[in-house]
Amino acid sequence: QAKGQGRGTCCYFNAEMQSVAEHKLKLEQDLSHAIGAGQLKLLYQPLINAADQSLVGFEALIRWHHPTRGVVPPTEFIPLAEETGLIMNLGDWVIEEACRAASQWPENISVAVNLSARQLVLPALPATVNAALSRYRVQANRLELEVTESVFLEDTAGSLDVLKRLRALGVGIALDDFGTGYSSLGYLNKAVFHKLKIDGSFVREAAGNRETVAIIQSIVQLAKSFRMTVTAEGVETADDFTRMRDLGCHQIQGYLFGRPMEFERASELVHGTQNRLSA
Ligand code: C2E
Ligand code: MG
Ligand code: MG
Ligand code: MG
C-alpha cells in the first residue's frame, strides 16, 4: 500500500516510520521520569491591560529540560502526555506549581494555567484545584484555567459539568485559541467562560486582512455581550497592539510585551518600581 503511493519509497518509508515510533517510545519513557527528576519548569508570560499597559498577570507555559535533547517544547510532549495518561500527573504538577508562584505575588496579579481536554474528564479536578489553592492560600479568582474548544469534542456533558464546578470554586475559565479550529460561536454561550482568548495567528492575520478585522470585531462584540474579558494573544508589533486595543480587546499578550520568562524575572517585573511596561 505504501508502494501505491509511488516513487518507490516503500522501504525508506517503513524505516522512517520505525524510527519515529522508537523516538516516540523513548520520549514517552523519559517523560514518565521528568516530573520526579525535576526536569519540568513553568515559564511565565505577561498579560497586559490594553487601556494603560499595566501588568495584570501571567500565563504559565510548561517547558521540559530534557537531559540530552535540551528544551522540548510543549507542542511536542503534551500530545504524548495526553496519549499515555501522564497528563494527569503532569497537569496536577502544573496547577500546584502555578499556585505556588501566585502565592509569591501580590493579590492583583493573576496566574493562568493551560488544561488538556483529558484532564476535564476526571471528576476529581475541582478538588485538586481547590486543594492547591488552599495549600498556598491563593484566592480562587486569581487562578485562571485555559481550555480550548476541543473539550467539547469528547465527553461534552461530563467536561462541561467539571468546568461548571471549577467555575463555582471561583476560578476563571478562559476559552483559548479562539479563531482556530471550529470556533463555533455557540461555545461562547456555555455560561462557563469568563474570558475569550483570540489566537495569535488570527491576531497577526488581521494586519493585512480587512475581513479578519471584521470577524474579530464581531467576536469581540459578542463576547462582550456575554460579559467576557477578551484577550488578544500573539501580539508582536505596536500595530498589532493598537489594532487589537481599538477593536476592544481588554488584555494583550505577546512578544511585544514579553516572552515567556523564568519565575525570577517575572517577579522582578511584578515588583518593579514601575509596572508600566515599555512597548
Ligand atoms: P497557548 O496556551 O495558546 O499558549 C500561547 C503560545 O503562544 C505559547 O507557546 C507562547 O509562547 C506563544 N506566544 C506567546 N506570544 C507570542 C507571540 O507574540 N508570537 C508567537 N509567535 N507566539 C507567541 P508555547 O509556550 O510553545 O506553548 C504552546 C502550547 O502548549 C500552548 O498554547 C498550550 O496549548 C500548550 N501548553 C503550554 N503549557 C502547557 C501546560 O502546562 N499544560 C497543557 N496542557 N498545555 C500546555
Ligand atoms: Mg493558553
Ligand atoms: Mg492560546
Ligand atoms: Mg495554543
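Keep in mind that what you see is a predicted model, and the values were worked out from it rather than measured.

Caption draft 1: Focus on the overall build of the protein. A count of helical and extended segments in the protein gives 9 helices and 9 strands. Compactness check: the protein gives a C-alpha radius of gyration of 20 Å against a globular reference of 19 Å for 279 residues, within 12% of the reference. The principal-axis extent of the C-alpha atoms belonging to the protein is close to 60 × 50 × 40 Å. Classification of the 279 residues of the protein by burial places 47% in the buried group. Counting only contacts in the protein whose residues sit at least 6 apart along the sequence, the fraction spanning at least 24 positions is 67%. A gap of 2 Å separates the mean positions of the 27 positive and 32 negative side-chain charges of the protein.

Caption draft 2: Geometry of the environment of Gly-36. Tracing the backbone shows Gly-36 in the loop between helix H1 (10-34) and strand S1 (40-49). On the basis of relative accessibility, which here comes to 77%, the residue Gly-36 falls in the exposed class. With 203 residues separating them along the chain, Gly-36 and Asp-239 place their C-alpha atoms 44 Å apart.

Caption draft 3: Representation of helix H7 (residues 210-225) in the model. Here H7 contains 16 residues, and its C-alpha end-to-end distance of 23 Å stays within 8% of the 22 Å for a straight helix at 1.5 Å per residue. Of the residues making up H7, those classed as buried are Thr-212, Ile-216, Ile-219, Val-220 and Ala-223. In an axial view of H7, the angular spread of the buried residues amounts to 100 degrees, which keeps them on one side of the axis. Among the exposed residues of H7, those pointing more than 90 degrees away from its buried face are Arg-210, Glu-211, Gln-221 and Ser-225. Here H7 starts with a cap whose side-chain oxygen sits 3.0 Å from the backbone nitrogen of Glu-211, and that cap is Asn-209. Looking one or two residues past H7, Arg-227 carries a phi angle of roughly 60 degrees, positive in sign.

Caption draft 4: Focus on the site of ligand 1. Lining the immediate surroundings of ligand 1 are 23 residues, of which Arg-63, Asn-114, Asp-177, Glu-236 and Tyr-255 lie closest. Within the side chain of Glu-233, an N or O atom sits 3.3 Å from an oxygen atom of ligand 1. Backbone polar atom of Tyr-255 to an oxygen atom of ligand 1: 2.8 Å apart, as the coordinates give it. Listed by contribution, the elements that provide at least two residues to the shell around ligand 1 are strand S2 (55-66), helix H2 (74-84) and strand S6 (172-178). Sort the elements by how many residues they give to the shell around ligand 1 and S2 lands first, with 4 residues. Grouping the amino acids of the shell around ligand 1 by side-chain chemistry returns 9 nonpolar, 6 polar and 8 charged.

About the criteria used
Sequence positions are assigned chain by chain, starting from 1 and proceeding in written order. Key to labels: chains lettered from A, ligands numbered from 1, both in the order written. Totals for whole chains, interfaces and linings use all residues, but because this is a predicted model, local features are given only for residues with pLDDT of at least 70 and pairs of side-chain atoms are given and counted only at 80 or more. Only heavy atoms go into the side-chain values, all of them from the structure, while hydrogens and water stay out. In this text, helices come from DSSP runs of H or I with a minimum length of four residues, and strands from runs of E with a minimum of two, each type numbered from the N-terminal end. Note that the radius of gyration is over C-alpha atoms, with the globule rule given as 2.2 Å times the number of residues to the power 0.38. Buried, partly exposed and exposed residues are distinguished by accessible area as a fraction of the type maximum, computed with a 1.4 Å probe on protein chains only: under 20%, between the cut-offs, and over 50%, respectively. The contact definition used throughout considers only heavy atoms, calling two residues in contact when any of these lie within 4.5 Å. A positive count includes Lys and Arg, and a negative count includes Asp and Glu. His and the chain ends are not counted in either. A charge is said to be at NZ when it belongs to Lys, at CZ for Arg, at CG for Asp and at CD for Glu. Helix span, expected: 1.5 Å multiplied by one less than the number of residues in the helix. The arc refers to the directions leading from the helix axis to the C-beta atoms. Side-chain atoms alone can form a polar contact between residues adjacent in sequence; in general such a contact is a pair of N or O atoms within 3.5 Å, and within protein one must be able to donate a hydrogen while the other accepts it. Neighbouring residues are identified by heavy atoms, a residue being near a molecule or strand if any of them is within 4 Å of it. Amino acid classes used here: Ala, Val, Leu, Ile, Met, Phe, Trp, Tyr, Cys and Pro are nonpolar; Asp, Glu, Lys and Arg are charged; the rest, including Gly, are polar.

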